[in-house]
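Reading the structure
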Amino acid sequence: MKNILCAVWLGPAACIVLPAAWAAADHNGVPLTNLYKQSMIRTDTVKKMADDDYLALLDRAKQVLPETIENHERFELPELDILQEGKTTVFRNFIDVTDKLRRDPLHLLQFLLRELGTPGNIEGRRVVFKAKISPSTINEKIQTYTETYVICSECGLPDTKMIKEDRTLILECEACGARRSINVRKTSKADTQNVLRVGDSIEILISDVGKKGDGIGKHLDYIVVVPGTAKGNTVQVKITNMSGKTAFGIIDRTER
Ligand SMILES: [Zn+2]
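Residues numbered from 1 in each chain as written. Predicted model: local features only at pLDDT ≥ 70, side-chain atom pairs only at ≥ 80, totals over all residues.

**Quick notes on the sheet that holds strand β6 (residues 168-173)**
The three strands are arranged β5-β6-β7 in an open sheet whose pairing can be described as antiparallel. Lying at the two open borders of the sheet, with one neighbouring strand each, are β5 (160-165) and β7 (179-181). Within the sheet, the average angular offset between the axes of one strand and its neighbour, ignoring direction, is 30°. Pairing between β6 and β7: three bridges, direction antiparallel. Looking at the pairing, L171 lines up with R180 of β7. (Pairing = 2+ DSSP bridges. Helix = DSSP H or I, 4+ residues; strand = E, 2+ residues; numbered from the N terminus. Axes fitted to C-alpha atoms, helices over the stretch in contact; angles between N-to-C directions.)

Take a look at the structure:
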């Protein structure tokens, strides 16, 4: 065993010298100690060089690896903690999400309110939406926000910042230096989702009263007129008529 070891680490010469020294040590410990120490030093040196080579190799391998693989594993949003409480939806770890995205909470809030077509406020680390919204819908919007305002399209990293240049919003990547303008996308999917139709039943907050005394609320970018409601009411409304961006509805009692 000793012979094999020294053949590997020290070369053939040591295989002759070392066993002789060990043999000698059986009678007299002194020469062995010296020789053994020398051999250990040399072993350590050889071993250190091997480690260095290995690390260098690892470094090189990392450089060759496509960065995106590493990134997608690295970047994960916190799992959204959302629950519906009566007529509201509470997004309990909202600030955890904006912390992770390194974005202004107000920016994300405005985006969500616009996309979801609902009023809402930041309360502490939470956001309270004044409507029932499914967690999957919110999750989908957060994904869109992340792709639009956070992720670098070149390297896939979230280490970016938004810069305003003239009137263009630029996303600059701190990891790879890439820059792209932020295009606030209006996908066809979002368009079909944001359409109100006759027969739809929606929950809205009556935020105003019209000249004729009808309650008025907003849904997406529609004005919804609902007779028989008062300001401050949250009501379930069935849309009965549409005229451009104005919708007319009646209180929908079938839902409850
Ligand atoms: Zn990048």
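**Structural notes on the nonpolar core**
Within the largest apolar cluster, 16 residues are counted, with the highest numbers of intra-cluster contacts made by F91, F94, V97, V127, F129, I138 and C152. Counting residues per element, the ones that place at least two in this core are α5 (94-101), β4 (126-129), α7 (135-149) and β6. Looking at this core, the element that brings in the most residues is α5, giving three residues. Each residue touching I138, except ones within four places of it in the same chain, is listed here: L80, I82, F91 and I133. Membership of the second largest hydrophobic core comes to twelve residues, among which are I202, Y222, V224 and I239. (Core = buried A, V, L, I, M, F, W, Y, C linked by C-beta atoms within 7 Å. Buried ≥ 20, exposed ≤ 12 C-beta atoms within 10 Å, placed from the backbone. Contact = placed C-beta atoms within 7 Å.)

**Some words on the environment of P78**
Examined against the element boundaries, P78 turns out to sit in the loop between α4 (67-74) and β1 (82-85). Along the chain, P78 and L101 lie 23 residues apart, while their C-alpha atoms are 9.9 Å from each other. Once you skip the residues sitting within four places of it in the chain, P78 turns out to touch N93, D96, V97 and K100.

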